[in-house]
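What follows is each chain in one-letter form.
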Amino acid sequence: MFRDSPASAPTPQEPARPAPAAGQPAEWVRAATDPAAFTAEQQALGRVWTFLCLDAEVAQDGQWFRTDLGGRSVFIQRFGDRLRGFENVCAHRFHPIRRERSGKGAMVCAFHHWRYNAEGQALGIPVCDEAYGCLPKQLNAHLKPIEVEAFAGLVFGRFPDPEGESLADFLGDAAPMLAALCPPGRTFTRFGGEVPANWKFLTHVTLDDYHIVAVHPSTFGANGYLKAKEVTYARFGRHSAYTTEPGDDPLGGVLADCRAGTYRARDYLIVNLFPTFGASQFHVIDLLGRSYYAVMVLRYAPLAHDRSRLEGWLIEGPIAPPRPGLLGVFDRFAQKVISRIVPFYARRVLAEDNAVCEGQQEVARQITEDQRLSPAFEKRIGWFEETYAAELAAASQAAREPAAPKSAAPKPFAPKPFTPQPPM
């Protein structure tokens, strides 16, 4: 069972928002209209553990994946049994090391062929003695590192923060569910592209269960609006979950099964991690006595105040192993067919969401007040905004007190226990 928060436990409160000047954008949307506010926002959030890619993208020695973190280009690369991450900027003349989305090979800058080792140090510098009058090691040139850590089938990263919380503490009760939904080594279909909208608009729509009829009339909204009594939300620390599974404590049952390693997909389930991760488990089809599910993993990487990149992966859902005999042959064939069909519908649904967010971006400067969120279907957006405001406030306070010991730096609010939230 999920534990209810005791009445005396501190509840994270969103810092009071200053009223915007007449005609100015509201505070919650300011980073979608002001490049300077976007830069400050990303500097703060870059020190929060952030999902970067599937581990399957960097499973082999030398494989790498390029993405963005805190408004900066970064890449993750495997060196044997280690994962390393670096900012994607050569220490010589500041050319990107990686230009493609993913690949495999040594870290060599295409501008002057500077070559870096697994520690990010430039040890292969052409004619270094003539160009600089010293050995490469003496030049002491390094790529800027980022912290990276894998959990289950996911890779997370952040800018270095020796005093920061561990990834395990950051994930909390989400960890067992992520292990069930996104185990390591799964084959995947990757998709994505740039979207001319701020990352928060795009993240909000993944937390919104009210728009399905208007935006997805032929898919998720085909059967009409959700019934509030059939929806269960839970909040845990910075993160949240949602399911349509029936029962008095459906998410408690999901969490117990995930912890026991016995979870099998049986209904719609979404897990969202602050700031930009979402994993959605959804039913695909029933065939010959078996229900087939898929999991869509999404991240909207912030690129600029008005531009983001969708990074998505589709993997097989957590269903029972293939059955024996001919049914097992059919199961394996069905999964292959599903892996080809589902991406088409996923892209269509996401294109519909993206179009709405592009519209919000067009009028972002006219948004001068807070959102009127539905307590029944949009409460997760409110939770997200509370966390967002608390993280930025903590970063701002720390910046104002540079002389304070790191151990005394203000922390984001303490994570709450995993608590079910029935609709109002």
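Source: prediction; values computed, not measured. (Residues numbered from 1 in each chain as written. Predicted model: local features only at pLDDT ≥ 70, side-chain atom pairs only at ≥ 80, totals over all residues. Heavy atoms only, no water.)

Focus: empty space enclosed by the protein
Which parts of space are left empty comes out when a probe the size of a water molecule is rolled across the atoms. A full pass over the atoms with the stated rule returns four cavities of 30 Å³ or more. Reported here for the largest cavity is a volume of approximately 150 Å³. T203, L207, N272, L273 and F384 are the residues nearest the centre of the largest cavity, which is lined by 19 residues in total. Listed by contribution, the elements that provide at least two residues to the lining of the largest cavity are α6 (199-206), β13 (239-243), β14 (269-273), β15 (277-287), β16 (290-304) and α10 (379-400). In terms of residue count, the dominant contributor to the lining of the largest cavity is α10 (three residues). Quantified by volume, the second largest cavity comes out at close to 60 Å³. (1 Å grid on protein atoms, 1.4 Å probe; cavity = no way out; pocket = protein on both sides within 12 Å on 5 of 7 lines; lining within 4 Å. Points joined across faces, edges and corners; volume = space filled by probe spheres on them. Helix = DSSP H or I, 4+ residues; strand = E, 2+ residues; numbered from the N terminus.)

Some words on the packing of helix α1 (residues 35-45) against α10
Packing of α1 against α10 leaves a shortest axis separation of 9 Å and a crossing angle of 90°. It follows that α1 is roughly perpendicular to α10 by the angle criterion. Contacts between α1 and α10 involve E41, A44 and L45 on the former and, on the latter, Y388, E391, L392 and A395. (Axes fitted to C-alpha atoms, helices over the stretch in contact; angles between N-to-C directions. Parallel < 35°, antiparallel > 145°, perpendicular 65-115°, else oblique. Contact = heavy atoms within 4.5 Å.)

So, unusual backbone geometry
The linkage connecting F274 with the following residue, P275, adopts the cis geometry, with an omega of 5°. Inspection of the secondary structure puts P275 in the loop between β14 and β15. If you check the backbone angles, F94 has positive phi at about 65° while not being a glycine. Structurally, F94 can be placed in the loop between β4 (82-87) and β5 (102-104). Relative accessible area serves as the criterion here: at 61%, F94 is assigned to the exposed category. (Buried < 20%, exposed > 50% of the residue type's maximum accessible area, 1.4 Å probe, protein only.)

A word on helix α9 (residues 325-362)
Taking 1.5 Å of rise per residue, 38 residues should cover 56 Å, and α9 covers 56 Å from first to last C-alpha, within 8% of that figure. S339 marks where α9 bends most, by close to 25°; the proline P343 follows one to four residues later. (Expected span 1.5 Å × (residues − 1). Bend = angle between axes of the 7 residues up to and from the residue.)

As for the sheet that holds strand β1 (residues 50-54)
With antiparallel pairing, the seven strands of this open sheet are ordered in space as β1-β10-β9-β4-β3-β2-β5. Both edges of this open sheet fall to β1 and β5, since each of them pairs with a single strand only. Averaged over neighbouring strand pairs, the angle between their axes works out to 30° when direction is ignored. As paired elements, strand β3 (residues 72-79) and β4 share six bridges and run antiparallel to each other. (Pairing = 2+ DSSP bridges.)

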